[in-house]
Amino acid sequence: SYLASLYSSVTTNSLGSSTDDYSGDLVLAGLQKLIDLSIPVDSPDDISLVLHTSKWSILKNIDKFSFANYTGYSMGGQLKYEAPAPYGVPHFFTTAIKSASSAYQNMLFHREAFGAAVQKQIALKELAATGFNRVYQAGCLFGVKTVRETYACLLKTK
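Residues numbered from 1 in each chain as written. Predicted model: local features only at pLDDT ≥ 70, side-chain atom pairs only at ≥ 80, totals over all residues. Heavy atoms only, no water.

What follows covers the packing of aromatic side chains. Evaluated as defined, the whole model comprises two aromatic pairs. When the ring of Phe109 is compared with that of Phe114, the centres are 5.3 Å apart and the planes differ by 70°; the resulting orientation is edge-to-face. We classify Phe109 as buried; its relative accessible area is 16%. With a relative accessible area of 11%, Phe114 lands in the buried category. Here the guanidinium or amino end of Arg148 rests over the ring plane of Tyr151, the centre of that ring lying 5.1 Å away. (Phe/Tyr/Trp six-rings, centres within 6.5 Å; stacked < 30°, edge-to-face > 60°. Buried < 20%, exposed > 50% of the residue type's maximum accessible area, 1.4 Å probe, protein only. Lys NZ or Arg CZ within 6 Å of the ring centre and 35° of its normal.)

Now the structure itself:
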């Protein structure tokens, strides 16, 4: 949810609007923007697409991403909860995607677009012990930041 809140720092690359719905063409246009900026992609895992959970059913309903004759799997992608990875880009779904100006701010990004830091040694404190039960409290510092704004692309959808 903290990384999803960084959508407002992505200002260079933005596609779609509050009237557009998720489509394979929108993903291709986003990938083309990243390619045009010469962003290095050594592995398909370097790029990820994070969508609002309402887009899962739309993705599953796109024939070329779900039918067996396209996917090569005997069941296609229809009987699995797992969503296909169109164009080799892994898709992740979350309700943490923000809605601004009546549009979901889905993000297609390279792994170097955002940075996250977590404290190395987490402080653990035992609060209570009753029989075999133990209650602990953990505390750590963390933060997220946009590192390379041009390495991300907003895909706005209704």
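There is more to say after this.
By the secondary structure assignment, His91 is in strand E3 (residues 91–94). A distance of 2.9 Å separates a polar side-chain atom of His91 from the backbone oxygen of Val89. (Helix = DSSP H or I, 4+ residues; strand = E, 2+ residues; numbered from the N terminus. Polar contact = N/O pair within 3.5 Å; in protein donor to acceptor, adjacent residues only side chain to side chain.)

Within the element layout of this structure, Glu149 appears in the loop between strand E9 (142–146) and strand E10 (152–157). The side chain of Glu149 is buried and forms no salt bridge, while Lys33, the nearest opposite charge, is found at 10.0 Å. In this structure, Glu149 is in contact with Ser9, Val10, Thr11, Thr12 and Asn13, ignoring residues within four places of it in sequence. (Lys, Arg positive; Asp, Glu negative; His and termini not counted. Salt bridge = Lys/Arg side-chain N within 4 Å of Asp/Glu carboxyl O. Contact = heavy atoms within 4.5 Å.)

Time to look at helix H1 (residues 24–36). Residues that lie three or four places apart on an α-helix share one face, since the helix turns once every 3.6 residues. The end-to-end C-alpha distance of H1, which contains 13 residues, comes to 18 Å, matching closely the 18 Å that a straight helix rising 1.5 Å per residue would cover. For H1, the set of buried residues is Gly24, Leu26, Val27, Gly30, Leu31 and Leu34. Seen from one end, H1 has its buried residues packed into an arc of 160°, which puts them on one side. Those residues of H1 that are exposed and aimed more than 90 degrees away from the buried face are Asp25, Ile35 and Asp36. (Expected span 1.5 Å × (residues − 1). Arc of directions from axis to C-beta.)

Function cannot be read off these values alone, since they describe shape.
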